[in-house]
Amino acid sequence: MRASGHVGLLSATLAAALALAAPAAAAEAAAPTPPAARAGASARPLLPFTKTTLPNGLQVILHEDHTTPTVVVNLGYRVGSRFEAPRRTGFAHLFEHLMFMGTRRAPTKAFDAWMEAAGGWNNAWTSEDRTVYYDVGPPTALPLLLWLEADRLSDLGPSMTLDKLNAQREVVRNERRQTSENQPYGKAELRLPELLFPEGHPYHHPVIGSHADLEAASVDDVKGFFATHYTASNAALVVAGDHHPEATLAWVTRLFSGLPRVARAADPAVPAGTPALAKVVRETLRDTVELARVTFAWPSPKHFAAGDAELDLLGSVLSATKASRLTERLVFREKAAQRVVAYQASSALASHFAIDVLVTPGVDPAKVERLVDEELAKVRAGELTEVELSRAKNGVETGLITRLQSVRERASLLSSYEQELGDPGYFERDLARYRDATLAGLRAAAQSSLRTDARVVLTVLPEPPRAQRASGVGAGKEAP
């Protein structure tokens, strides 16, 4: 009863707001192209959908499932930290925060307050490649969720003020301190992309950006960023869950088709002539941690490219279980490490493969390096077994299938496939690239990517005792 009362109130609020005629809603909607199932899809796809492109370029993907009374709105923009201008690092993430600072029709705090009163909630995230906003709520809240997203896409830029910018600038700087600078090994996470990718590479700087660049951001920067990247043609809208696609498409068309068609901003690909990592780069940092950690990292094939799935599987072979090669050797047999984590971090332009080793107290990090190199040499020599590969495949497939249990995850998958590959129906082929991986493929990926003469070795050592720090011994960055 309480929820329905609030929904009724919000429906009235929404109706009044719509009556004020948001730019997107006021314009006459152009006729969308009819939804069509993906060509070549199987008779019963695991993740069915329809896709429509509005005349202004907005891609609309609808996934219907009435199993649970939940609906998800996922609005992804093709803009992440790699699109940032020089000396404006952290801007894509800062903008994610600014998107909740209100418009003329939905003032500051109204976005969350109205949504929560209707039984919904929301969140967002930013990566090197994309920024994604998602809203979750009961089916009765869907018109409100769509209206709020259309409203801020049409009006947030012109509504920006210095007070709003200053408020979120400090929030983001505190987030950098909280999640990176004051987190164990956080300084190494900030440093790793700078060591892996040369200056000028779009992935050279971390997503969170620098304090200096965040402080330098101006209101004009914000408005320019919004006008360039927050456009209908740069976005993909997914609605998933308990809704009726025909009615939803009518709502979407009414609310979004009035937005102007703006040419998509140029993609800042890796500049021609950017050198690849061609030597061993070593660096040692001091941090407030209990245990030393050594990270071995290599640039690797981009997401969905040949070798990407194989390295993803190799990460599992090396460290996913107690029986995995590095975990069994370093943690249980040699007792040289407390934990080993190997992973392929996939991104649109390039990826990186990393092995993090938490070193047992008293063990020389050089021993850890020798043990890791010995195990990688076996992988490159083709000593992996079908049992190891099968176990890794099962783990990855379980993870992918498990994501289908969540409506929010299904919306996320459809969005990412659309924005990275232009095909929301890529799920089965994504699954197939893991199922079809071979031992020879893993060996080839290790040989071409995990070279001993071209990698980053980043060591984090515990800060020395306070007395030594006071005397200046052992403070700061170590010599290579």
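Residues numbered from 1 in each chain as written. Predicted model: local features only at pLDDT ≥ 70, side-chain atom pairs only at ≥ 80, totals over all residues. Heavy atoms only, no water.

Asker: Please give an account of the packing of aromatic side chains that cites residues and values.
Answerer: Under the definition given, this model contains 17 aromatic pairs. Ring centres of Trp121 and Tyr134 lie 5.9 Å apart, and the angle between their planes is 85°; on these two criteria the pair is classed as edge-to-face. Within this pair, whereas Trp121 is found in strand S4 (residues 121-126), its partner Tyr134 is found in strand S5 (residues 131-137), the two being separated by 13 residues in sequence. On the basis of relative accessibility, which here comes to 11%, the residue Tyr134 falls in the buried class. Between Phe197 and Tyr203, the aromatic rings sit 5.8 Å apart at their centres with planes inclined by 75°, giving edge-to-face as the arrangement. The pair formed by Phe197 and Tyr203 is uniform in burial state, with each residue classed as buried. Through a chain of ring-to-ring contacts, three or more aromatic side chains come together here, namely Tyr77, Phe91, Phe95, Phe100, Phe111, Tyr133, Phe225, Phe226 and Tyr230. The ring of Phe100 is capped by Arg152, whose NZ or CZ atom sits 4.6 Å from the centre of that ring. (Phe/Tyr/Trp six-rings, centres within 6.5 Å; stacked < 30°, edge-to-face > 60°. Helix = DSSP H or I, 4+ residues; strand = E, 2+ residues; numbered from the N terminus. Buried < 20%, exposed > 50% of the residue type's maximum accessible area, 1.4 Å probe, protein only. Lys NZ or Arg CZ within 6 Å of the ring centre and 35° of its normal.)

Asker: Describe helix H9 (residues 219-229), and please don't skip the residues or the numbers.
Answerer: Within H9 the residues assigned to the buried category are Val219, Val222, Phe225, Phe226 and His229. Burial along H9 is one-sided: seen end-on, the buried residues are contained in an arc of 125°. Of the surrounding secondary structure, the elements contacted by the buried residues of H9 are strand S3 (71-77), helix H3 (91-98), helix H5 (142-155) and helix H6 (162-181). (Arc of directions from axis to C-beta. Contact = heavy atoms within 4.5 Å.)

Asker: Now, about the layout of surface pockets: what can you tell me, with residues and values included?
Answerer: Approximately 1,000 Å³ is the volume attributed to the largest pocket. Split into classes, the residues belonging to the lining of the largest pocket amount to 20 nonpolar, 15 polar and 11 charged. Empty space within the second largest pocket amounts to approximately 370 Å³. Lining the second largest pocket are 20 residues, with Thr89, Glu194, His204, His205 and Pro206 positioned closest to its centre. Counting only elements with at least two residues in the lining of the second largest pocket, the list comes to helix H7 (186-196) and strand S7 (280-287). (1 Å grid on protein atoms, 1.4 Å probe; cavity = no way out; pocket = protein on both sides within 12 Å on 5 of 7 lines; lining within 4 Å. Points joined across faces, edges and corners; volume = space filled by probe spheres on them. Nonpolar A, V, L, I, M, F, W, Y, C, P; charged D, E, K, R; others polar.)

Asker: For the pattern of salt bridges, give the residues involved together with the corresponding values.
Answerer: Counted according to the given criterion, the structure contains 34 salt bridges. Between Asp155 and Arg104 there is a salt bridge, and its shortest N-O distance comes to 2.5 Å. With a gap of 51 residues between them, Asp155 in helix H5 and Arg104 in the loop between H3 and helix H4 (110-117) connect regions that are remote in the sequence. Of the charged contacts in the structure, one is a salt bridge between Arg433 and Asp308, with a shortest N-O distance of 3.0 Å. Of this pair, Arg433 sits in helix H16 (residues 427-435) while Asp308 sits in helix H11 (residues 308-319), placing them 125 residues apart in sequence. Summarising the burial analysis for this pair, Arg433 and Asp308 share the class buried. The network of salt bridges with common partners includes Arg325, Arg329, Glu334, Arg370, Glu374, Glu375, Lys378 and Glu388. (Salt bridge = Lys/Arg side-chain N within 4 Å of Asp/Glu carboxyl O.)

Asker: Break down H6 for me, citing the residues and quoting the values.
Answerer: Spanning 20 residues, H6 covers 26 Å between terminal C-alpha atoms, matching the ideal 28 Å at 1.5 Å per step. Of the positions making up H6, those classed as buried are Lys164, Leu165, Gln168, Arg169, Val172, Arg173, Arg176 and Ser180. Viewed along the axis of H6, the buried residues span an arc of 155°, placing them on a single side of the element. Facing away from the buried side of H6 by over 90 degrees, the exposed positions are Asp163 and Gln178. Here the buried face of H6 lies against H3, H7, helix H8 (211-216) and H9. (Expected span 1.5 Å × (residues − 1).)

Asker: Which residues make up the environment of Arg408, and what values go with them?
Answerer: For Arg408, the position within the fold is in helix H15 (residues 407-421). Once the C-alpha coordinates of Arg408 and Val72 are considered, the two residues, 336 residues apart in sequence, prove to be 6.0 Å apart. When sequence neighbours within four positions are dropped, the list of residues in contact with Arg408 reads Val72, Trp121, Tyr134 and Val136. A polar atom in the side chain of Arg408 sits 3.5 Å from the side chain of Tyr134. (Polar contact = N/O pair within 3.5 Å; in protein donor to acceptor, adjacent residues only side chain to side chain.)

Asker: Outline the pairing of S4, listing residues and values.
Answerer: Across the two faces of S4 the burial differs, with Asn122, Ala124 and Thr126 buried and Trp121, Asn123 and Trp125 not buried at all. In the sheet, S4 pairs with S5 via 6 bridges, with the strands oriented antiparallel. Counted as the bridge partner of Trp121 is Val136 from S5. Linking two consecutive strands that pair antiparallel, namely S4 and S5, is a turn of 4 residues. (Pairing = 2+ DSSP bridges.)

Asker: An account of the sheet that holds S7 is needed here, citing residue identities and associated values.
Answerer: With respect to topology, 5 strands assemble into an open sheet ordered S7-S11-S8-S10-S9, the strand pairing being mixed. Each edge of the open sheet carries a strand with a single partner, namely S7 and strand S9 (337-345). Adjacent strand axes in the sheet meet at a mean angle of 15°, parallel and antiparallel pairs treated alike. Pairing between S9 and strand S10 (residues 351-359): 8 bridges, direction antiparallel. (Axes fitted to C-alpha atoms, helices over the stretch in contact; angles between N-to-C directions.)

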